[in-house]
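Listed below are the residues making up each chain.
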Amino acid sequence: MINKIEGYTYILVNDINTDDIVPSNALTLRDTSEMAKHTLRYLHPNFVEMVKKHNIIIAGENFGTGSSREEAVNVFKILGVKAIIAKTFARIYFRNLINLGIPGIQLNWNETDFSHGDHLEIALNKGIIFNKTKNKEVSFKKLPDFLTKILEDEGILNQLKKKLFK
Amino acid sequence: MSNTIAEKILLDHSNLKDVIPGQFIECEIDLIMVHEQLGGRIHKEYEKLEIDYVWDPNKIFFILDHWVPAPTISAAEMHQDCRTFAKKYKFIHNIGMNKGICHQVLPEMGFSRPGMLIVGSDSHTTTYGAFNCLSTGIGATDVSVVFATGNLWFKVPESFKIILEGLLNKGTMSKDFILQLIGDLTTKGAIYKSLEFHGDGIKGLSIDGRMTITNMVVEAGAKFGVFLPDDRLTKWLKERTSTPYKYVYPDEGAVYEKEFNYHLSEITPVVAKPSSPGNIAQVEEVEGVEIDQAFIGSCTNGRMEDFRMAAKILKGNKINSKTRLIIIPASMEIYREALKEGLIEIFLNAGAIVGNSTCGPCVGGHMGVLGPDEICISSSNRNFVGRMGAPSAQIYLASPATVAASSINGKITDPRGLL
């Protein structure tokens, strides 16, 4: 399942922070799908509409810098984001992504690799992204096995639950 | 094998004989701090595990600080949710909402001690590194894993050695140093690294000042910021805890990925311009920018050293009529101490608004939310778009000295002229 991820790209710039993704003033909202409507609302007011199709995020450096708020990953999960490819991730953000079962792929990409709206197919087990629009293959360093295992189990809590009730 | 402080403490909390940077390891956690996130996400996530216990209710420090007292119904509901959880799982250290901000109260109560491995549901958990321990922020799911098992996976970080020499000049604070360091490293320059602070310059820094530095290492992406211990730390800990501890020093020959030298006397007042903590400029470059709000407080700069400095500048002065100054102590203990020393009186006389201890304005929560296009100079840690309120508002980060000086003139001001 996680070895064949298919979707369309949405390109973001460098240094997207957790306040950009979920503004602080949306953090106390109790309904997570309400909160998800605020995703990136200051920088990309149409994101919530666009992401319905453009469900693979391509970001620059230091993606997810800032707060430990896991809401900044969870809103993407609610909105159906299938993977996030970034040049670099902020530390806590990367953990949160994997923990919630969203593949975070670190790749120093450039404009010849991806444009907005490209149709991608990602094989996590092979470390390969096939850009169907550009008919181009890009390879990335595979995640360590134990992180891939967390993704296969659809998040670390599912994995832990299996262990606890073994 | 020779190890850095980070390697030593992680090794000590694993069941391994040796660790190397880049290695993924499992560690036992000594203490976990949680705040409103408990009711925000952790509660719902934890229930998915369908277990009726936490691994050790004595190793959980739970406090409400971000939105206290509750400014909205949804914040109040979040607090209710937190309390329900704390009661259900029989938390022992249930601190409540009348003590202050987590990163100040936890050390004040003696919970952060040398050699410990502490995690918390807040990115500024790095603060406790001032006490010669390792501490870092994690998300709600990681908190759930710790609640259930007491363990967490870590990637052993490479370390940067930061050597401090000399003393800060008058009007310059440890905030100016950490902003300068973030500017030099950039906000991505230390992703996943442990910053280890060395050198004789440490001796001249108060514990308050060290906490400001370790608090903000995360703005350069760092996983840990840790100070070598000294007599000042011994004295501080003596007043706070009777639990035995052992100092951790790096081994001779420990390997550092990079080394940086700073002479503190060469540090000058700086600001982080909108909208990144790494967007550093000398205060002279932005002097004269008119401000609507000035804020002294937060887990970064709401301590006695900060208040004493602000009082020195504000004493006998009035804040500019076009500006509001909000002062919020990092803990209620600090509030009491500032009252006793007469600092609160000085703030009130200057026309400041003094509030109860809360994260409040720093997270755009309450007690000083910014309106559209407003400009704020703040002693807090982040100036991201929308962080303190309206997305069109602009935030300059600075030391409490610079914030106090700016509030008097109604525009960004070099504090050195007022001391």
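Since we're looking at a predicted model, the values are computed, not measured.

Here's the deal with the overall build of chain B
Secondary structure assignment for chain B yields 14 helices and 18 strands. Relative to the compact-globule value of 22 Å for 419 residues, chain B shows a C-alpha radius of gyration of 21 Å, a close match. Projected onto the principal axes, the alpha-carbon positions of chain B cover approximately 60 × 50 × 40 Å. Looking at chain B as a whole, 59% of its 419 residues are labelled buried.

Side note on the interface of chain A and chain B
Chain A puts 36 residues into the contact, and the matching count from chain B is 41 residues. Secondary structure elements with two or more residues in the side of chain A that touches chain B: helix H1 (18–21), helix H4 (71–78), helix H5 (91–99) and helix H7 (156–164) of chain A. Grouping the amino acids of the side of chain A that touches chain B by side-chain chemistry returns 13 nonpolar, 13 polar and 10 charged.

Side note on the packing of H7 of chain A against helix H5 (residues 140–149) of chain B
Between H7 of chain A and H5 of chain B, the shortest axis-to-axis distance is 10 Å and the interhelical angle comes to 15°. In terms of their interaxial angle, H7 of chain A and H5 of chain B are classed as roughly parallel. The two elements H7 of chain A and H5 of chain B meet at a crossing, and its hand is left-handed. Where H7 of chain A approaches H5 of chain B, its residues Ile 156, Leu 157 and Leu 160 of chain A are matched on the opposing element by Thr 141, Ser 144, Val 145 and Ala 148 of chain B. Here the residues of the contact of H7 of chain A with H5 of chain B sort into five nonpolar, two polar and no charged.

Section: the sheet that holds strand S8 (residues 159–165) of chain B
Residue and element names in this part refer to chain B. The strand order S10-S9-S8-S11 describes an open sheet built from four strands, whose pairing is parallel. Either end of the sheet is taken by a strand with one partner, and the two such strands are strand S10 (224–227) and strand S11 (258–263). The sheet shows a mean angle of 20° between the axes of neighbouring strands, taken without regard to direction. In this structure, strand S9 (residues 194–198) lies alongside S10, joined through four bridges in parallel fashion. For Glu 196, the partnering residue across the bridge sits in S10 and is Val 226. Helix H1 (residues 5–12) rests against S8, S9 and S10 of the sheet, and its axis sits at about 105° to S10.

Some thoughts on the packing of helix H11 (residues 304–314) of chain B against helix H13 (residues 343–350) of chain B
Residue and element names in this part refer to chain B. Contact pair H11 / H13: the axes reach a minimum separation of 9 Å and the direction vectors enclose 45°. Comparing their axes, H13 and H11 come out oblique. For the pair H11 and H13, the sense of crossing is left-handed. Between H11, through Phe 307, Arg 308, Ala 311 and Leu 314, and H13, the contact on the second element is made entirely by Leu 343, Ile 346, Phe 347 and Ala 350. When the residues that make up the contact of H11 with H13 are grouped by side-chain class, the tally is seven nonpolar, no polar and one charged.

A look at the domain arrangement of chain B
All names here are of chain B. The domain boundaries assigned to chain B delineate domain 1 (5–264) and domain 2 (269–418). Taking only C-alpha atoms, the centre of domain 1 and the centre of domain 2 are 24 Å apart. Counting from both sides, the interface comprises 35 residues of domain 1 and, opposite them, 36 residues of domain 2. Within the residue set of the side of domain 1 that touches domain 2, elements represented by two or more residues are helix H4 (102–108), helix H6 (174–185) and helix H7 (207–216). Residue classes in the side of domain 1 that touches domain 2 are distributed as 10 nonpolar, 17 polar and eight charged.

Quick notes on unusual backbone geometry
In the segment running from Val 68 of chain B into Pro 69 of chain B, the intervening peptide bond is cis, with an omega of -20°. By the secondary structure assignment, Pro 69 of chain B is in the loop between strand S3 (60–63) and helix H3 (73–88). Of the consecutive residues Pro 274 of chain B and Ser 275 of chain B, the connecting peptide bond is found in the cis state with omega at -5°. Its place among the elements puts Ser 275 of chain B in the loop between strand S12 (270–272) and strand S13 (280–282). The backbone of Asn 135 of chain A sits at a positive phi, close to 50°, despite the residue not being glycine. Among the secondary structure elements, Asn 135 of chain A is positioned in the loop between strand S6 (128–131) and strand S7 (136–139). Positive phi, normally seen in glycine, also occurs at Asn 132 of chain B, with a value near 65°.

Re the pairing of strand S1 (residues 5–11) of chain A
Residue and element names in this part refer to chain A. Note: S1 against strand S5 (residues 119–123), four bridges, orientation antiparallel. If you follow Gly 7 over to S5, its bridge partner there is Leu 120. The pairing of S1 with strand S2 (residues 56–59) spans three bridges and is classified as parallel. Bridge pairing in S2 links Tyr 10 to Ile 57.

Reading the values: rules and limits
- Residues numbered from 1 in each chain as written.
- Chains lettered and ligands numbered in written order.
- Predicted model: local features only at pLDDT ≥ 70, side-chain atom pairs only at ≥ 80, totals over all residues.
- Helix = DSSP H or I, 4+ residues; strand = E, 2+ residues; numbered from the N terminus.
- Rg over C-alpha atoms; globule rule 2.2 N^0.38 Å.
- Buried ≥ 20, exposed ≤ 12 C-beta atoms within 10 Å, placed from the backbone.
- Contact = placed C-beta atoms within 7 Å.
- Nonpolar A, V, L, I, M, F, W, Y, C, P; charged D, E, K, R; others polar.
- Axes fitted to C-alpha atoms, helices over the stretch in contact; angles between N-to-C directions.
- Parallel < 35°, antiparallel > 145°, perpendicular 65-115°, else oblique.
- Left-handed = near helix turned anticlockwise from the far one by under 90°.
- Pairing = 2+ DSSP bridges.
- Domains from an automatic or database assignment.

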